[in-house]
Amino acid sequence: MYDVGMCEDIVNVDVSDAVIRQMQERSRTKRPKMSYLLMDMLQMDFPDAHFQVVLDKGTLDAILTDEEEATLAKVDKMFAEISRVLQVGGRYLCVSLAQAHVLKKAVEYFSQEGWVVRVHQVAGSRDKQQFVLPVFIYVMTKFRKIPGSAPQILEICPEEQDKPMRVESVERLVAAVKDRQHYALLCSQLSKLPCGEQVSLDLCDKESGRPRYTLHVVDSPSVKSSRDNHFAIFIIPQGRETEWLFGTEEGRRQLATSAGFRRLVTVALHREQHYEGMAGIQAELSGKVMELAPPGLPARQQVPFVSVGGDIGVRTVRHRDTSTLSGEYVIEDVKGDGTCYFRRLIFLRNRNVVQSEARLLAPMPLPGQKKRRKDKKKPSPTEPPAAIDKSYLCCEHHKAMVAGLCLLGGPNPLPGTPLAVLVVGLGGGSLPLFIHDYFSQAHVAVVEIDPSMLEVATRWFGFSQDDRMQVHVSDGLDYVAKLAAEAPAQYDAIMFDVDSKDLTVGMSCPPPAFVEKPFLQKVKTTLKPEGVFVLNLVCRDAQLKESVLATLREVFPLLYARRIEEEVNEILFCQPSPEDRRDPTELEARARALEGALRQPGRPWDSSYVLADMLQAIKIL
């Protein structure tokens, strides 16, 4: 400060006589106006209000090593002396690593004295060669203490911002500093990231504190190094963060390898936030993502921002509400590949999982309606259509569940064959709707425990009831138990597609009670002897999964499994009679015959949906 002409009237104090003599000797000719005094900061000889600034270069960190009573008393004495020698309007500047107990003590003391408290981050993740943990300066501005309870003024100024942010409490200030420390530590560890391991972090909106971006850092050591492939940023289009390629570790690893970059940072955009296109995101993230760059990145290296199709996608939240059973949920329309739009139901307690999905139909001109002239205003490309395509099954596990009807005993179930089907779990209603519409003689009973979901399916997913489709708002456990007691052997097919509300269990579908042996025996009782029980199993706990399969084998003599590629889902087909076992050739023939019958003239059919393909990878357990 002296050498650059900022200030010459500087007094330095230290308790070490050797240090004082050394510094006096060093500055005698170069800095004649600077003084060095042997003095204890806990008991200074200066008069009151003598200084405009007190600068602490790590003394507080050195003294406040623990929270013992004697240590805290010493710190109080130090703070009292600083307050005494400072003028009103003067500032106490403290250089610190901001350990939580140090920061909390300083902020609480001076804010209670009516001082304005601001914490600046002055060095951190950008100074990779010098610092692992960030360095902070507390700026405490002295005001006269106002009698009564004056509002505390607490602010933080992160490294990348010039404008300070106001925080409402000491706890929030300490938490904000802790976030910066964790982030700096993460950045320092990226240089030695174990092979194959991925790091994720959320970047939050500075106003609301809600996550704005979710970043995953993916290294691909197998990619051959060249001048331009060190580092890139991949923006995941809105609404597509749940896809396998973007939403799983293996998918992101494949994405990074195919993109040809040695380090790829994928960026997911959150639905609660607004984004100003790719250029706006690039401007917002450029400084921050450079802190995640791999070691050895050439200076002034231009880092590309890439995406699918070069844009950030389209996401429109149609409805948001809270269910007493399922919690907060949203209905949103998102743009998929090409021009297709999809409507999704998302439970926000598990926001990376699509609960239900339906494809939206492009609007068709009314009979006699003229085509839009070229000079007329075209509809916005970001405005999705509203009608639901009921012929399209978005979920691969739903396609497999429908294909499972080929396993029914007796003749192949054709569209005109009378069928009694029980579906437990409504969601958006696409599975029961498909069965209802394509099997003209099928009577479908749906059991749904959450009345909110019936409203969602009806209002947003085109679901409706009639004499062949009835919804029963009830607990599936109670409903099946009642059927087993009062109306056994009633259904040709029973399908479970019901999620678990308990996220602590390693099985998210179905709830554990649905695969306990006494209940499965009731399911078997409700099923016709030649019927099929179809279960959507989503279980990440290998031991729990083996236990479920063992229980199913005890109840059902014939058990098939169909693993859904690139998903955790596994569809289990359970039959009461071992005599109904079919070989692969017979299954394929039945599947092709059924699909041929379902593909009726004038009725839409998803060309990518091949029933035989759904059963090709089926195996007997």
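Residues numbered from 1 in each chain as written. Predicted model: local features only at pLDDT ≥ 70, side-chain atom pairs only at ≥ 80, totals over all residues. Heavy atoms only, no water.

1. A short note on the overall build of the chain
The secondary structure content of the chain amounts to 16 helices and 27 strands. For 621 residues, the compact-globule formula gives about 25 Å, and the C-alpha radius of gyration of the chain, at 33 Å, lies well above that figure. Within the span of the chain, comprising 621 residues, buried residues form 48% of the whole. Counting only contacts in the chain whose residues sit at least 6 apart along the sequence, the fraction spanning at least 24 positions is 69%. Total accessible area computed for the chain in this model is approximately 31300 Å², and 51% of it derives from carbon and sulfur atoms. (Helix = DSSP H or I, 4+ residues; strand = E, 2+ residues; numbered from the N terminus. Rg over C-alpha atoms; globule rule 2.2 N^0.38 Å. Buried < 20%, exposed > 50% of the residue type's maximum accessible area, 1.4 Å probe, protein only. Contact = heavy atoms within 4.5 Å. Areas by Shrake-Rupley, 256 points an atom, 1.4 Å probe, with all protein chains shown as cover.)

2. Describing a nonpolar patch on the surface
Residues Met1, Val4, Met6, Val53 and Leu55 make up a contiguous nonpolar surface patch of about 530 Å² in total accessible area. Inspection of the secondary structure assignment puts Val53 in strand E3 (residues 51–57). (Patch = residues over 30% accessible without salt bridge, like charges linked within 9 Å, V, L, I, M, F, W, Y side chains within 5 Å. Salt bridge = Lys/Arg side-chain N within 4 Å of Asp/Glu carboxyl O.)

3. Description of empty space enclosed by the protein
For the coordinates displayed, the defined rule picks out 2 cavities of 30 Å³ or more. Here the largest cavity defines a volume of roughly 70 Å³. Forming the boundary of the largest cavity are Ala358, Ile388, Asp389, Lys390, Tyr392, Gly428, Ser430, Leu433 and Phe461. Of the residues belonging to the lining of the largest cavity, the class tally is 5 nonpolar, 2 polar and 2 charged. (1 Å grid on protein atoms, 1.4 Å probe; cavity = no way out; pocket = protein on both sides within 12 Å on 5 of 7 lines; lining within 4 Å. Points joined across faces, edges and corners; volume = space filled by probe spheres on them. Nonpolar A, V, L, I, M, F, W, Y, C, P; charged D, E, K, R; others polar.)

4. A look at the UniProt feature "domain: Methyltransferase type" (unreviewed entry) in the chain
Taking the numbering used here, the UniProt-annotated feature "domain: Methyltransferase type" (unreviewed entry) corresponds to residues 7–93. For residues 7–93, helix accounts for 38% and strand for 26%, while the C-alpha atoms at its two ends are 15 Å apart. (UniProt positions renumbered as here; feature names shortened; annotations may be inferred.)

5. Thoughts on the pattern of salt bridges
Applying the stated criterion across every chain, the model contains 34 salt bridges. Among the salt bridges present, the one from Asp76 reaches Lys105, with a minimum N-O distance of 2.7 Å. With Asp76 in helix H3 (residues 69–85) and Lys105 in helix H4 (residues 100–112), the pair connects residues that are 29 residues apart, well separated along the chain. Under the relative-accessibility criterion, Asp76 is labelled partly exposed at 29%. Note that Arg320 is salt-bridged to Glu328, the shortest N-O span being 2.8 Å. Relative accessible area serves as the criterion here: at 36%, Arg320 is assigned to the partly exposed category.

6. Comments concerning the layout of surface pockets
The probe, sized like a water molecule, is rolled over the atoms to show the empty space still left. In this structure, the second largest pocket spans a volume of roughly 1300 Å³. If you go around the second largest pocket, you meet 37 residues; those closest to its centre are Ile10, Val11, Asn12, Val13 and Leu55. Counting residues per element, the lining of the second largest pocket draws most heavily on E3, at 7 residues. For the lining of the second largest pocket, a count of residues per class yields 24 nonpolar, 6 polar and 7 charged.

7. Side note on the confidence of the model for the chain
Averaged over every residue, the pLDDT of the chain is 86; the share at 70 or more is 92%. Here residues 371–381 is modelled with pLDDT under 50, and outside its nearest four sequence neighbours on either side it reaches 4 contacts, counting other chains as well. (pLDDT = per-residue confidence, 0-100.)

8. So, the nonpolar core
Of all hydrophobic cores here, the largest spans 48 residues; its most connected members are Ile435, Phe439, Phe463, Met495, Phe573 and Tyr609. It is helix H10 (residues 430–438) that contributes the most residues to this core, 5 residues altogether. Ignoring sequence-local partners within four residues, the contact set of Phe573 consists of Ala400, Met401, Gly404, Leu407, Val532, Phe533, Val534, Leu558, Leu559, Tyr560, Arg562 and Ile618. (Core = buried A, V, L, I, M, F, W, Y, C linked by side-chain atoms within 4.5 Å.)

9. Some thoughts on helix H8 (residues 277–289)
Owing to its 3.6 residues per turn, the α-helix aligns residues three or four sequence positions apart on the same side. Over its 13 residues, H8 extends 17 Å from the first C-alpha to the last, a length consistent with the 18 Å expected when each residue adds 1.5 Å. Every buried residue belonging to H8 is among Met278, Ile281, Leu285, Lys288 and Val289, and all of these are buried. Where H8 is buried, its residues touch helix H5 (170–189), strand E9 (199–204), strand E10 (211–219), strand E11 (231–235), strand E12 (263–269) and strand E13 (305–307). (Expected span 1.5 Å × (residues − 1).)

10. Some remarks on the pairing of strand E5 (residues 116–123)
Relative to strand E6 (residues 135–141), E5 runs antiparallel, the two being bridged by 7 bridges. Looking at E6, one finds that Gln121 is bridged to Phe136. In this sheet, strand E7 (residues 154–157) lies alongside E5 in parallel orientation, the contact comprising 4 bridges. In the strand pairing of E7, His120 is matched with Cys157. (Pairing = 2+ DSSP bridges.)

11. Regarding the side chain of Asn536
By secondary structure assignment, the location of Asn536 is in strand E24 (residues 527–539). A polar side-chain atom of Asn536 sits 3.1 Å from a polar atom in the side chain of Asn569. With near-sequence residues (within four places) excluded, Asn536 lies in contact with His397, Met401, Phe496, Asp497, Cys509, Pro510, Asn569, Glu570 and Ile571. (Polar contact = N/O pair within 3.5 Å; in protein donor to acceptor, adjacent residues only side chain to side chain.)

12. Things to note about the state of the cysteines
Under the criterion given, the structure shown has 0 disulfides. Cys157 provides the cysteine sulfur closest to Cys94, a residue in no disulfide bond, and the two sulfurs are 17 Å apart. (Disulfide = S-S within 2.5 Å.)

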